[in-house]
Amino acid sequence: MSHRLLKRKRYLIFYFIVVYMLLVFFWWWIMMFRKDNELYRDKVQLLYYRYQQEDSSLYIREYEDLMDEKERKKWMIIGEGATFLILMVFGIYRLRSTITKEVVVADKQRNFLLSITHELKSPLASAKLNLQTLNTRKLSLDQQRLLLHNTESDVTRLNDLVEKILLASRIGHDNMHIHKEEVNFSEITEDCIEATKNRNPQMQMNVDLTDGVWLNGDEVLLKSLVLNLLENAVKYAPKNTPISLRLNKVNEMAVLDVCDEGKPIPDEEKIKIFDRFYRTGSEDTRTTIGVGLGLYIVQQVALMHHGTVKIIDRKEIGKIFRIEIPYIGAI
């Protein structure tokens, strides 16, 4: 059974149980009204036989008292039934919210397992094939260097993935300690640009850096922030389109803009994409690499440095990821 059919089956079972509970509730509610009416009908008959040969004024007084009691009983049943119905509807709503959250978590876990499996197997398989080729064939020096270079790239990719997972795990703990000091954010950004260019030699990049942007922050975390932003832009920018990076000071804030010409992000996704392990679409059909941790790390690192992350839709085409962090002297 496919994942989608299994999820649909869960919801069908849930709604079947809900409809059954509501039908049973209304059936018992109606039965209580009927039984109550039958009870007071019998009481009225007994009252009539009792006072048939006596003073009619006593009969009328007790009859009115009986009708008042019936009216109070009716409203008591209505009130108790309405209260129970409200509590049941509230319980159903909370239960459905819980089920929905569990389904979302299960989807995230499934997507993460699928993506992490792919991210681990691909470079491992490539590195293994390169080493087997080196071991079994006589190759020229240039061919050997090419295979060794490709293997090194695969190992670097695996190492980056492990470091990203470990960093995301550390960020998730409240007792995480960050080492803040005066760092040159301009130099950090420049180093990240060079590293990204080395990994993606065909990438076109327009850079506008303001020198001497100093922050009170953790150098390793800030480097991870910039690298993940650039990696995200490279991943989703169409081929042969430029990526733009700007760093400047605006209103006592260091503002880093990373722009690409990729598809705009739907408004309903703009908050979700910063969740841990969240990726748009399904791993069954997705073609881009990654495990859904990059933007989560970006947002968390920005928050650790009293900063914010914004997504701005460009007027012409594409989008801008904007990081704003107070520079030294602003806080």
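What you are looking at is a predicted structure, and each value in this text was computed from that prediction instead of being measured. (Residues numbered from 1 in each chain as written. Predicted model: local features only at pLDDT ≥ 70, side-chain atom pairs only at ≥ 80, totals over all residues. Heavy atoms only, no water.)

**Structural notes on unusual backbone geometry**
One non-glycine residue, Asn-251, adopts positive backbone phi at about 50°. Mapping Asn-251 onto the fold places it in the loop between strand E4 (243–250) and strand E5 (253–260). Residue His-306 is not a glycine yet carries a positive backbone phi of 60°. Checked against the element boundaries, His-306 lands in the loop between helix H6 (294–304) and strand E6 (308–313). Given the relative accessible area of 53%, His-306 is considered exposed. (Helix = DSSP H or I, 4+ residues; strand = E, 2+ residues; numbered from the N terminus. Buried < 20%, exposed > 50% of the residue type's maximum accessible area, 1.4 Å probe, protein only.)

**A word on the nonpolar core**
Core analysis: the biggest nonpolar cluster contains 49 residues, and Phe-185, Leu-225, Leu-229, Leu-256 and Ile-323 have the highest contact counts within it. Looking at this core, the elements with two or more residues in it are helix H3 (141–171), helix H4 (185–199), helix H5 (219–236), E4, E5, H6, E6 and strand E7 (319–326). Among the nonpolar cores identified, the runner-up in size contains 10 residues, and Phe-14, Phe-25, Met-88 and Ile-99 belong to it. (Core = buried A, V, L, I, M, F, W, Y, C linked by side-chain atoms within 4.5 Å.)

**As for the pattern of salt bridges**
Across all of its chains, the model carries 11 salt bridges by this definition. Put simply, Glu-71 and Lys-74 hold a salt bridge, and the shortest N to O gap is 3.3 Å. Of this pair, Glu-71 and Lys-74 are both found in helix H2 (residues 56–136), three residues apart, which corresponds to roughly one turn of the helix. Residue Asp-260 pairs with Lys-319 through a salt bridge whose shortest N-O separation is 2.9 Å. Residue Asp-260 is located in strand E5, and its partner Lys-319 is located in strand E7; the two are separated by 59 residues in the primary sequence. (Salt bridge = Lys/Arg side-chain N within 4 Å of Asp/Glu carboxyl O.)

**Describing the side chain of Thr-241**
With respect to the helices and strands, Thr-241 occurs in the loop between H5 and E4. Assessed through its relative accessible area of 17%, Thr-241 is described here as buried. From its side chain, Thr-241 meets the backbone oxygen of Pro-238 in a polar contact 2.5 Å long. (Polar contact = N/O pair within 3.5 Å; in protein donor to acceptor, adjacent residues only side chain to side chain.)

**Some words on the sheet that holds E7**
If you walk across this open sheet you meet the five strands as E2-E4-E5-E7-E6, and the pairing is mixed. The strands lining the two open edges of the sheet, one partner per strand, are strand E2 (205–209) and E6. Strand-to-strand twist across the sheet, computed as the mean angle between neighbouring axes with direction ignored, equals 15°. Pairing of E4 with E5, which is carried by seven bridges, proceeds in the antiparallel orientation. Among the inter-strand pairings, Asn-248 is bridged to a residue of E5, identified as Val-255. Strand contacts of H5: E2, E4, E5 and E7, with the helix running at about 20° to E5, the strand carrying the most contacts. The strands touched by H6 within the sheet are E6 and E7, with E6 carrying the most contacts at an inclination of about 125°. (Pairing = 2+ DSSP bridges. Axes fitted to C-alpha atoms, helices over the stretch in contact; angles between N-to-C directions. Contact = heavy atoms within 4.5 Å.)

**A look at the packing of aromatic side chains**
With the rule as written, the count across this model stands at seven aromatic pairs. Both rings, one in Trp-27 and one in Trp-28, keep their centres 5.0 Å apart while their planes meet at 80°; by these two values the pair is edge-to-face. Assessed through its relative accessible area of 47%, Trp-27 is described here as partly exposed. Overall, the relative accessible area of 52% leaves Trp-28 in the exposed class. Three or more aromatic residues joined by ring pairs form one cluster here, namely Phe-25, Phe-26, Trp-29, Phe-33 and Phe-84. Here Lys-43 stacks its cationic end above the ring of Tyr-40, 4.9 Å away from the centre of that ring. (Phe/Tyr/Trp six-rings, centres within 6.5 Å; stacked < 30°, edge-to-face > 60°. Lys NZ or Arg CZ within 6 Å of the ring centre and 35° of its normal.)

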